Amino acid sequence: MSRQPAPGGDAVSVPGSEVTIVPSAGARAGEPFAVTECPGGPLLVRGDFEIMDSSGNEVPKNRETVALCRCAGSRIKPWCDGTHKLLRRASEN
């Protein structure tokens, strides 16, 4: 897993999803949110951030840390539901 802070004030697009992670309006400068890339799995996002859909609408979240789908197979997008594990097993057979 790689863990990296989001560039100051920059948005992060989520591959396999139609959402973008942006700093919260009230986020303090110098305190970016952190994005952890799980190999073959979701993006874990922690910190003071908002998730925006492709139309620019905020996607409600009820946790400070979320797992966002990157495999495009989740049935509860933009959230990860573990489908990447099934897809990986199917490709191994």
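Data block above holds the structure.
Residues numbered from 1 in each chain as written. Predicted model: local features only at pLDDT ≥ 70, side-chain atom pairs only at ≥ 80, totals over all residues. Heavy atoms only, no water.

Q: Tell me about the overall build of the protein, and please be specific about residues and values.
A: The helix and strand tally for the protein stands at one helix and eight strands. Reading the protein from its N terminus to its C terminus gives the helix and strand order β-β-β-β-β-β-β-β-α. For the protein, the residues scored as buried account for 31% of the 93 residues in total. With the model as given, the accessible surface of the protein reaches about 5800 Å², and the carbon-plus-sulfur share is 48%. (Helix = DSSP H or I, 4+ residues; strand = E, 2+ residues; numbered from the N terminus. Buried < 20%, exposed > 50% of the residue type's maximum accessible area, 1.4 Å probe, protein only. Areas by Shrake-Rupley, 256 points an atom, 1.4 Å probe, with all protein chains shown as cover.)

Q: Can you tell me about the pattern of salt bridges, naming the residues and giving the values?
A: In total, this model carries one salt bridge according to the counting rule given. Two residues, R70 and E37, come together in a salt bridge whose shortest N-O distance is 3.1 Å. Residue R70 is found in the loop between β8 (65–68) and α1 (83–92), and its partner E37 is found in strand β4 (residues 34–37); the two are separated by 33 residues along the sequence. (Salt bridge = Lys/Arg side-chain N within 4 Å of Asp/Glu carboxyl O.)

Q: Account for the sheet that holds strand β3 (residues 20–23), naming residues and giving values.
A: Judged by pairing direction, the sheet is antiparallel, and its four strands sit side by side in the order β2-β3-β6-β7 without closing on themselves. Taken across any chain shown, the strands that pair with only one partner, and hence form the sheet edges, are β2 (12–13) and β7 (58–59). As defined by bridge partners, β3 adjoins strand β6 (residues 49–52) across four bridges and the pair is classed as antiparallel. Directly across from V22, in β6, lies its bridge partner E50. (Pairing = 2+ DSSP bridges.)

Q: Run through the packing of aromatic side chains, naming residues and quoting values.
A: Under the counting rule described, the total for this entry stands at one aromatic pair. Both rings, one in F33 and one in F49, keep their centres 6.1 Å apart while their planes meet at 55°; by these two values the pair is tilted. Separated by 16 residues along the polypeptide, F33 in the loop between β3 and β4 and F49 in strand β6 bring together distant segments of the chain. The pair F33 / F49 is uniform in exposure class, with both members buried. Between the NZ or CZ atom of K61 and the centre of the ring of F49, over which it lies, the distance is 4.4 Å. (Phe/Tyr/Trp six-rings, centres within 6.5 Å; stacked < 30°, edge-to-face > 60°. Lys NZ or Arg CZ within 6 Å of the ring centre and 35° of its normal.)

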